[in-house]
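Residues per chain are reported as follows:
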Amino acid sequence: MIGTNLPYTAAGAMFAAFAVWSLARRRWPNGVTWGLLAVSFLGGDRLGDVGNGILVLGIVVAATFGLRPPSVPAAGGEIRALSAVRYGNRLFLPALAVPAITLGGTFLFKAVPTLVDPKQATLVALTVAALAALGLAAWLFRPPASAPIEEGVRLMDAVGWAAILPQMLAALGALFAAAGLGETMSGLLGALIPGQSLIPAVLVYAGGMALLTIAMGNAFAAFPVMMAAIGLPLLIHAHNGHPAAVASLGMLAGFCGTLLTPMAANFNIVPVGLLNLSDRYAVIRAQAPTAILVWIANLAILYLLAFP
Amino acid sequence: MIALAGIAVILIGFLLRLQPLLVVAVAAAVTGLAAGMAPVAILAAFGKAFNANRYVTAVYVVLPLIGLLEREGLQERARGLVAGMRGLSLGRLLTGYMLLRQLSAGLGLTSIAGHPQTVRPLVAPMAEAAADPEGTMPEPERETVRALAAATDNIGLFFGEDVFIAIGSILLMKGFLEQFGIIIEPLALSIWAIPTAICAFLIHGGRLMLIDRKRRAR
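Note that the coordinates shown come from a computational prediction; the quantities given were computed from them, not determined experimentally.

Residue and element names in this part refer to chain A. When cut into domains, chain A gives domain 1 (5–163) and domain 2 (166–305). One C-alpha centre belongs to domain 1, the other to domain 2, and the line joining them spans 32 Å. Taken together, the residues of the side of domain 1 that touches domain 2 sort by class into 4 nonpolar, 1 polar and no charged.

Residue and element names in this part refer to chain B. For Leu100, the location among the structural elements is in helix α7 (residues 90–106). Residue classification places Leu100 among the partly exposed residues on the basis of 15 C-beta atoms within 10 Å. Separated by 13 residues in sequence, Leu100 and Ala113 have C-alpha atoms that sit 9.9 Å apart.

Attention now goes to helix α10 (residues 198–216) of chain A. Taking 1.5 Å per residue, 19 residues should reach 27 Å; α10(A) reaches 26 Å between its end C-alpha atoms and fits that length. Counting buried positions over the 19 residues of α10(A) gives 14, a clear majority of the element.

So, about the nonpolar core. Met226(A), Leu21(B), Phe46(B) and Ala127(B) are the most contacted members of the largest nonpolar core, which totals 186 residues. Considering every element that reaches this core, the biggest residue donor is helix α11 (residues 219–238) of chain A, with 13 residues. Apart from residues no more than four positions distant in its own chain, Ala127(B) is found in contact with Leu90(B), Leu93(B), Leu94(B), Val145(B), Arg146(B), Leu148(B) and Ala149(B).

On to the interface of chain A and chain B, then. Opposite the 112 residues of chain A that make contact, chain B presents 97 residues. With 12 residues, the top contributor of residues to the side of chain A that touches chain B is helix α8 (residues 165–178) of chain A. For the side of chain A that touches chain B, the class distribution of residues is 83 nonpolar, 23 polar and 6 charged.

This part is about the domain arrangement of chain B. A common measure of how large an interface is: the accessible area buried when the components associate. What the domain assignment lists for chain B is domain 1 (2–53) and domain 2 (68–217). Taking only C-alpha atoms, the centre of domain 1 of chain B and the centre of domain 2 of chain B are 32 Å apart.

Turning our attention to the packing of α7(B) against helix α9 (residues 139–161) of chain B. Residues and elements named next belong to chain B. At a minimum axis separation of 7 Å, α7 and α9 run at an interaxial angle of 30°. Classified by the interaxial angle, the pair formed by α7 and α9 is roughly parallel. For the element pair α7 and α9, the recorded crossing hand is right-handed. Contacts between α7 and α9 involve Leu90, Leu94, Tyr97, Met98, Arg101, Gln102, Leu103, Ala105 and Gly106 from the former and Val145, Leu148, Ala149, Thr152, Asp153, Ile155, Gly156, Leu157, Phe159, Gly160 and Glu161 from the latter. Its residues assigned to classes, the contact of α7 with α9 shows 12 nonpolar, 5 polar and 3 charged.

What follows covers the confidence of the model for chain B. Residue and element names in this part refer to chain B. When pLDDT is averaged along chain B, the result is 89, and 98% of the positions lie at 70 or above. Per-element averaging of pLDDT across chain B places helix α10 (residues 168–178) at the bottom with 81 and α9 at the top with 95. Among the scores for the predicted complex, ipTM is 0.88 and pTM is 0.86.

At a closest axis distance of 8 Å, the pairing of α8(A) and helix α3 (residues 39–52) of chain B adopts a crossing angle of 130°. In terms of axis orientation, α8(A) runs oblique to α3(B). The crossing of α8(A) and α3(B) is right-handed. Contact residues: α8(A) offers Gln167(A), Met168(A), Ala170(A), Ala171(A), Ala174(A), Leu175(A) and Ala178(A), while α3(B) offers Ala45(B), Phe46(B), Ala49(B) and Phe50(B). In terms of residue class, the contact of α8(A) with α3(B) is built from 10 nonpolar, 1 polar and no charged.

Residue and element names in this part refer to chain B. Over its 17 residues, α7 extends 24 Å from the first C-alpha to the last, a length consistent with the 24 Å expected when each residue adds 1.5 Å. In terms of burial, α7 is largely enclosed, as 12 of its 17 residues are buried. Listed as buried for α7 are Leu90, Gly91, Leu93, Leu94, Thr95, Tyr97, Met98, Arg101, Gln102, Ser104, Ala105 and Gly106. On its buried face, α7 sits against α6 (74–83), α8 (115–131), α9 and α12 (194–217). In the stretch just after α7, Gly108 is the one whose phi turns positive, near 90°.

Criteria and thresholds
- Residues numbered from 1 in each chain as written.
- Chains lettered and ligands numbered in written order.
- Predicted model: local features only at pLDDT ≥ 70, side-chain atom pairs only at ≥ 80, totals over all residues.
- Domains from an automatic or database assignment.
- Nonpolar A, V, L, I, M, F, W, Y, C, P; charged D, E, K, R; others polar.
- Helix = DSSP H or I, 4+ residues; strand = E, 2+ residues; numbered from the N terminus.
- Buried ≥ 20, exposed ≤ 12 C-beta atoms within 10 Å, placed from the backbone.
- Expected span 1.5 Å × (residues − 1).
- Core = buried A, V, L, I, M, F, W, Y, C linked by C-beta atoms within 7 Å.
- Contact = placed C-beta atoms within 7 Å.
- Axes fitted to C-alpha atoms, helices over the stretch in contact; angles between N-to-C directions.
- Parallel < 35°, antiparallel > 145°, perpendicular 65-115°, else oblique.
- Left-handed = near helix turned anticlockwise from the far one by under 90°.
- pLDDT = per-residue confidence, 0-100.

Take a look at the structure:
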């Protein structure tokens, strides 16, 4: 059955090619980093826990030495503009094939669970879509065989260390959980609520969800903590709040926090590299006014509609 | 309290803009030591969790395709398409994209768009062209426009996905409340996400309209 094996093999092969390309051009830190990621994708399950830990340390060392910025593209702006005129809207076909095939594949793989593990349907569909669209683009534009790797590694180098940060932070979350971080934070926040009144309880619940999410980078990690500390005992039991409303609006308060934290790196830090932004927190800055206003609106909905 | 030492490392490291991967590794070590774990146990726990979370990094398999299309002129074509549409302002373009992103995420289709797949090759160049059809805008302002495109993708995704009944966060909430004897339907959770989804659309859409108005005033 196809599960994570197909996407991980594809990603491993791609990172291996990036590593070879980089090492051949004496771009050592980049080559080492993408090479270690290739090892992780292709053989991570056979390395053992300590082996994987050492692999991560290798990546950290390479990143601390500093990944090199992407090399200058072979095709300059004028060549690309000419090519854009030549191919016109055909250029959109492979780009739009990715969402279309991901969508169709996700439904197909869920409907036929014998072929693909339903839990991994989306990731498998995305990988199939990326490969199929690459084939379509190669057929349409007849690029040299090295172009996908050369152009891919250029984008990868532009993302740089930020590409690995989300996975590192997910791993850090596991250690936070082991150290009982959530319980400590919820104890501190719970102590802020005076007496039995509703307004401070709602404020600390929604504020705690946002703050805990900012600290941990993930509303999923914050939810069980705040629900157990304040949502269940105070909002649902003591004040008869509607359970579905308290849960759903609490999670959304956490999502507002996700928009404000570099810890949610795949949303807030990765695009900084992908879009060549010079300010590391440019995306968070662009999101902050919306995040704060939506948090306030969400708080009002919780206070006004969730309680009898 | 000592469990918070890791958070303090993260906070200081990110504020001082030190190398983030190093900051995370140090935070993990500090957190583990504060919890009384042996160094090798910390290394093993971190390595195990890193390996278990590889799917986060697997999405980059789209990069060779995106890079190839950009080599053939995809960004230039996306810009040309938008620059040809008079009346398509930055605010209208991004509001339209946000609506599409919210609706598709609300149907559970969270992975059909994203920063590598759609924002970098399509939405960001289109936003630049809508903001500046003549191509005379200085680079710092272009960066602000691209950051706004990325922000709009995130906002559309976050305040759309919770309307879908089978998304991870809904299943987490349902499962967690069940442990305490509270049985709720996923549909009830997703319906309660709709008012905030509408507020998010109006708030961010309103901000985008304001940005349009400010740009016109100049």
